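# Remarks on the overall topology
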Amino acid sequence: MNILVCDDDQAIVDAIGIYLENEGFSIFKAANGLEAIELIGDQEIHLIIMDIMMPKMDGIRATMKIREENNIPLIMLSAKSEDYDKILGLNIGADDYITKPFNPLELIARVKSQLRRYTTLGSLETKSHVYRSGGLVIDDESKNISVDGEAVHLTPVQYKILKLLTANAGRVFSIEEIYEKVWNEPSFSPENTVTVHIRKIREKIEINPKEPKYLKVVWGVGYKVEKI
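Everything in this summary refers to the structure shown in the same document.

Basis of the calculations
- Residues numbered from 1 in each chain as written.
- Predicted model: local features only at pLDDT ≥ 70, side-chain atom pairs only at ≥ 80, totals over all residues.
- Heavy atoms only, no water.
- Helix = DSSP H or I, 4+ residues; strand = E, 2+ residues; numbered from the N terminus.
- Expected span 1.5 Å × (residues − 1).
- Buried < 20%, exposed > 50% of the residue type's maximum accessible area, 1.4 Å probe, protein only.
- Arc of directions from axis to C-beta.
- Contact = heavy atoms within 4.5 Å.
- Pairing = 2+ DSSP bridges.
- Axes fitted to C-alpha atoms, helices over the stretch in contact; angles between N-to-C directions.
- 1 Å grid on protein atoms, 1.4 Å probe; cavity = no way out; pocket = protein on both sides within 12 Å on 5 of 7 lines; lining within 4 Å.
- Points joined across faces, edges and corners; volume = space filled by probe spheres on them.
- Nonpolar A, V, L, I, M, F, W, Y, C, P; charged D, E, K, R; others polar.
- Polar contact = N/O pair within 3.5 Å; in protein donor to acceptor, adjacent residues only side chain to side chain.
- Right-handed = clockwise from strand over helix to strand, strands pointing away.

Our next topic: helix α8 (residues 191–205). The end-to-end C-alpha distance of α8, which contains 15 residues, comes to 21 Å, matching closely the 21 Å that a straight helix rising 1.5 Å per residue would cover. Looking only at α8, the buried set comprises Val194, His197, Ile198, Ile201, Arg202 and Ile205. One face of α8 carries all of its buried residues, which in axial projection span an arc of 140 degrees. Looking at the buried positions of α8, the neighbouring elements they touch are β10 (144–147), β11 (150–152), α6 (156–167), α7 (175–183), β12 (215–218) and β13 (222–225).

Sheet architecture is open: five strands sit in the order β2-β1-β3-β4-β5, paired in parallel fashion. Edge positions in the open sheet fall to β2 (26–30) and β5 (96–99), since each of these has one partner strand only. The average undirected angle you get between the axes of adjacent strands in this sheet is 20 degrees. Pairing geometry for strand β1 (residues 2–6) and strand β3 (residues 47–51), over four bridges, is parallel. Within the sheet, the bridge partner assigned to Leu4 lies in β3 and is Ile48. The sheet contacts of helix α1 (residues 10–21) involve β1, β2, β3 and β4 (74–78), and relative to β2 the element is tilted by about 170 degrees.

As a volume, the second largest pocket reaches approximately 270 Å³. Along its surface, the second largest pocket is lined by 14 residues, and Glu68, Lys160, Lys163, Leu164 and Ala167 are the ones closest to its centre. Every element with two or more residues in the lining of the second largest pocket is listed here: α6 and α7. Of the residues that constitute the lining of the second largest pocket, the class distribution is five nonpolar, three polar and six charged.

So, about the side chain of Asp51. Note that Asp51 resides in strand β3. Overall, Asp51 belongs to the buried group, its relative accessible area being 3%. At a separation of 3.3 Å, a polar atom in the side chain of Asp51 contacts the side chain of Lys100. Those residues in contact with Asp51 that sit more than four places away from it in its chain are Cys6, Asp7, Asp8, Gly59, Leu77, Ser78 and Lys100.

Take unusual backbone geometry next. Here Lys100 and Pro101 are connected by a cis peptide whose omega angle stands at -5 degrees. With respect to the secondary-structure elements, Pro101 resides in the loop between β5 and α5 (104–117). Of note in the backbone geometry, Lys143 takes a positive phi value of approximately 65 degrees without being a glycine. Along the chain, Lys143 falls in the loop between β9 (136–139) and β10. Positive phi outside glycine occurs at Asp148, with the angle close to 55 degrees.

Bringing the pairing of β4 into the picture now. Burial within β4 is extensive, with five of its five residues counted as buried. The side-chain alternation of β4 yields two buried faces, one formed by Leu74, Met76 and Ser78 and the other by Ile75 and Leu77. Taken together, β3, helix α3 (residues 59–67) and β4 form a β-α-β motif whose crossover is right-handed. In terms of strand pairing, β4 meets β5 through four bridges, oriented parallel. Bridged to Met76 within β5 is Tyr97.

By themselves, these figures tell us nothing about what the structure is for.
Structure below.
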């Protein structure tokens, strides 16, 4: 499995690389967010370890950019331990968070834990077109959707909305973001349009649409698919 380590401190990158290579992982290295994004486009990366404070492009902006198109497991790394940084990192799409200085054994354990979440019967799920949150599964190649093994049928627009949110499970999208990404045009009072589609999706994927398990509203912010 390939792990990308992104930090502007070369000594930390080299140390993490040694720990993970001893566990059998292949390591790719980047010194800033821009290099990380370029590597992800060129290589098959299975997990990212991303520092927050870096030149050119920091870890926050890089993570937001990565989450626009990719659901690779991402562990955020920082010397800061304040709750604000931890919450911000997790809210924009990081899967886990570890502070420097860290115990190498803890880092390895967290890496393996995140990779287990993206494996099926011990083998890495290499289908980048498959997105899931708990029992909700979207196969973007076949355009099939299932919830707890039961097929779900959505309209094309409903499919695009659910795919966007599931591919970025845990990230909150505003109504304006959803409209612009799904309809590919600037938003202009999109509240009613998006809200109606969200309601229809819930009716099809939720056992109780009024108490949704998957597709949730974050009041005053937008919508997200819960990361399960």
